[in-house]
Amino acid sequence: MKITMLKSAGAALKKATTASPSPCVSTHLLSRAYYSTGYPERKVAILGAAGGIGQPLSLLMKLNPFVSSLSLYDIANTPGVAADVSHINSPAQVTGYVGEEQLGKALEGSDLVIIPAGVPRKPGMTRDDLFNINAGIVKSLCVAIAKYCPNALVNMISNPVNSTVPIAAEVFKKAGTRDERKLFGVTTLDVIRAKTFYAGKAKVPVADIDVPVIGGHAGITILPLFSQAAPKANLPDDDIMALTKRTQDGGTEVVEAKAGKGSATLSMAYAGAVFADACIKGLNGVPAIVECSFVESSVTELPFFASQVKLGKDGVEQVFGLGPLSEFEKQGLENLKPELKASIQKGIKFANQN
Ligand SMILES: NC(=O)c1ccc[n+]([C@@H]2O[C@H](COP(=O)([O-])OP(=O)(O)OC[C@H]3O[C@@H](n4cnc5c(N)ncnc54)[C@H](O)[C@@H]3O)[C@@H](O)[C@H]2O)c1
Ligand SMILES: O=C(O)C[C@H](O)C(=O)O
């Protein structure tokens, strides 16, 4: 009896292995069903696509099921990055553009432009130390955006975000294309860090955590609101202070660990992809898309401020207020305002002087 069973099992195995493979065997990272039809075509341009952030961000945007056209621009090396990414069997059509003379073509028709172009920090530097190089890069890219895709949403990653976003806003104002709903400083990495660190300390599953992060994107201007964390873990004040400091210094932690080889690239690419996905979902009319971002704001007396925003068909649909703050957070808010104000003013001044 035993032998018979083994024999028939062997026969079944033989039958299975000689049959043709199922046509449903998937070579997609995302399931085929996820590539649903019925959404509008969306073109996404990445400026600085060959860089440390640009390359993994290009990969993640190629996997995004809502992207139909992916335009990869840099001053060097984009043909190779584009050829590489284009072999992935997801729907987005990838084109590489290199050099200023191809920037217009890269941008034309874009619904969303993501900007990780510019130099990163080395140990001992502040984000503001990048201003002298990155301000000019961002300004010239924004002049081109105003010309070639004035209606696109713009996700600014290049540092110092607290100044590069005001530079972009001034460029768009001068060009007559400014729409305060369409310009975003990407602060998603601060939120991702706050969630990760909080989950570790509170010993709760990281996937369930939500923590708003407000203010800006540099040092003490990054203010995580752990009093509003959900689910609430009732951590002692010392832990909250340590978590706040670690979130504020998260970028520096990576810069020091990389020891001169740049700043966060992989976690930033993930954060950039999360935020871009939220923007595209908003454009496509998906309801209730809320993320933190550094936007034009009247939530405080500062003209730009990061807080939770609702994303819709034209970009920002609603900027949410800060909600109830703990005494520690109220103090943090007052402490960050002078630095954030100075960084905003520096960006505005640069855009109007140069
Ligand atoms: N917002 C955030 O949370 C966050 C997080 C991490 C890094 N950053 C910032 O992102 C920027 C990029 O960081 P990285 O690690 O990718 O740097 P990187 O040096 O690895 O890459 C930058 C890329 O920009 C390109 N570039 C330079 N000038 C350009 C121009 N005029 N047009 C198009 N591309 C141009 C370079 O050729 C390079 O490929 C830095 O300013 C960094 O501080 C921001
Ligand atoms: O810290 C940096 O210089 C890069 C980025 O702003 C980050 O927060 O990781």
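Read on for an overview of the structure. (Residues numbered from 1 in each chain as written. Chains lettered and ligands numbered in written order. Predicted model: local features only at pLDDT ≥ 70, side-chain atom pairs only at ≥ 80, totals over all residues. Heavy atoms only, no water.)

**Digging into the packing of aromatic side chains**
As enumerated under the stated definition, the model contains five aromatic pairs in all. Between Phe131 and Phe350, the aromatic rings sit 5.5 Å apart at their centres with planes inclined by 90°, giving edge-to-face as the arrangement. Residue Phe131 is located in helix α5 (residues 131–148), and its partner Phe350 is located in helix α11 (residues 327–353); the two are separated by 219 residues in the primary sequence. Centre to centre, the rings of Tyr198 and Phe226 are 5.5 Å apart; their planes meet at 10°, and the pair counts as stacked. Here the residue Tyr198 occupies a position in helix α7 (residues 188–202), and Phe226 occupies one in the loop between β8 (222–224) and α8 (237–248), the gap between them amounting to 28 residues. Taken individually, Tyr198 and Phe226 each receive the classification buried, so the pair is uniform in this respect. In this structure, Arg246 is placed above the aromatic ring of Phe197, and the distance from its NZ or CZ to the ring centre is 3.8 Å. Across the ring face of Phe131, the terminal group of Lys346 is positioned such that the distance to the ring centre comes to 4.6 Å. (Phe/Tyr/Trp six-rings, centres within 6.5 Å; stacked < 30°, edge-to-face > 60°. Helix = DSSP H or I, 4+ residues; strand = E, 2+ residues; numbered from the N terminus. Buried < 20%, exposed > 50% of the residue type's maximum accessible area, 1.4 Å probe, protein only. Lys NZ or Arg CZ within 6 Å of the ring centre and 35° of its normal.)

**Here's the deal with the side chain of Thr188**
Along the chain, the position of Thr188 falls in helix α7. Residue classification places Thr188 among the buried residues on the basis of a relative accessible area of 2%. With near-sequence residues (within four places) excluded, Thr188 lies in contact with Ala271, Val274, Phe275 and Glu291. (Contact = heavy atoms within 4.5 Å.)

**Brief notes about the site of ligand 1**
Every one of the 27 residues lining ligand 1 counts as a neighbour, but Gly52, Ile53, Asp74, Val119 and Asn159 are closest to it. Between an oxygen atom of ligand 1 and a main-chain N or O atom of Gly51, the distance comes to 3.2 Å. Gly118 places a polar main-chain atom, nitrogen or oxygen, 3.3 Å from an oxygen atom of ligand 1. A molecule is said to occupy a pocket when more than half its atoms come within 2 Å of that pocket's grid points, and by this definition ligand 1 occupies the largest pocket. Listed by contribution, the elements that provide at least two residues to the shell around ligand 1 are β2 (69–74) and α5. No other element matches α5, which puts three residues into the shell around ligand 1. Residues of the shell around ligand 1, tallied by class, amount to 16 nonpolar, ten polar and one charged. When residues of the shell around ligand 1 are sorted by domain, at least three fall in each of domain 1 (43–186) and domain 2 (188–344). (Near = heavy atom within 4 Å. Polar contact = N/O pair within 3.5 Å; in protein donor to acceptor, adjacent residues only side chain to side chain. 1 Å grid on protein atoms, 1.4 Å probe; cavity = no way out; pocket = protein on both sides within 12 Å on 5 of 7 lines; lining within 4 Å. Sits in = over half its atoms within 2 Å of the grid points. Nonpolar A, V, L, I, M, F, W, Y, C, P; charged D, E, K, R; others polar. Domains from an automatic or database assignment.)

Such coordinate-based values are descriptive only and should not be taken to indicate function.
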